Amino acid sequence: MNTTGMSAECALARRPGYEDLHDECTQTEDVPLPHSFGILLVRRCTCGCHR
């Protein structure tokens, strides 16, 4: 199970019994580092539940 790029909530939600944690994920968009170009402070979660 590859969870690279997922938030902690979505990675845990892939396990049986924790499926409802997808609703707790707040990484739904990229957050850039202020005053920089192309550097991200927080990456968007790559889980399919956000699409």
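Look up a bit, the structure's there.
Note that the structure is predicted; figures quoted are calculated from it, not measured.

A few points about the overall build of the protein chain
Link 1 in the chain: Each helix and strand counted, the protein chain has 1 helix and 2 strands in total.
Link 2 in the chain: In terms of C-alpha radius of gyration, the protein chain reaches 12 Å, well past the compact-globule figure of 10 Å for 51 residues.
Link 3 in the chain: Taken along the three principal axes of its C-alpha coordinates, the protein chain extends 40 × 20 × 15 Å.
Link 4 in the chain: The buried share of the protein chain, taken over its 51 residues, is 16%.
Link 5 in the chain: Sequence separation of at least 24 residues holds for 27% of the intrachain contacts in the protein chain that already meet a minimum separation of 6.
Link 6 in the chain: Total accessible area on the protein chain stands at roughly 4,100 Å², and carbon and sulfur atoms take up 51% of it.
Link 7 in the chain: Placing the 5 positive and 7 negative side-chain charges of the protein chain at their respective mean positions leaves the two points 11 Å apart.

Description of the environment of Arg-14
Link 1 in the chain: In this structure, Arg-14 sits in the loop between α1 (8-13) and β1 (31-32).
Link 2 in the chain: Given a relative accessible area of 40%, Arg-14 falls into the partly exposed group.
Link 3 in the chain: As for Arg-14 and Cys-47, which are separated by 33 residues in sequence, their C-alpha atoms are 9.8 Å apart.

Considerations on the side chain of Ser-7
Link 1 in the chain: Looking at the secondary structure, you find Ser-7 in the segment before α1.
Link 2 in the chain: Of the polar contacts made by the side chain of Ser-7, one reaches the backbone nitrogen of Cys-10; its length is 3.2 Å.

What to know about unusual backbone geometry
Link 1 in the chain: Its identity as a non-glycine residue notwithstanding, His-35 has a phi of 65 degrees, on the positive side.
Link 2 in the chain: Mapped onto the elements, His-35 comes out in the loop between β1 and β2 (40-42).
Link 3 in the chain: Overall, His-35 belongs to the exposed group, its relative accessible area being 85%.

Considering the environment of Glu-19
Link 1 in the chain: Mapped onto the elements, Glu-19 comes out in the loop between α1 and β1.
Link 2 in the chain: Sequence separation of Glu-19 and Glu-9 is 10 residues, and the distance between their C-alpha atoms is 9.4 Å.

Cut-offs used in this document
Residues numbered from 1 in each chain as written. Predicted model: local features only at pLDDT ≥ 70, side-chain atom pairs only at ≥ 80, totals over all residues. Heavy atoms only, no water. Helix = DSSP H or I, 4+ residues; strand = E, 2+ residues; numbered from the N terminus. Rg over C-alpha atoms; globule rule 2.2 N^0.38 Å. Buried < 20%, exposed > 50% of the residue type's maximum accessible area, 1.4 Å probe, protein only. Contact = heavy atoms within 4.5 Å. Areas by Shrake-Rupley, 256 points an atom, 1.4 Å probe, with all protein chains shown as cover. Lys, Arg positive; Asp, Glu negative; His and termini not counted. Charge placed at Lys NZ, Arg CZ, Asp CG, Glu CD. Polar contact = N/O pair within 3.5 Å; in protein donor to acceptor, adjacent residues only side chain to side chain.

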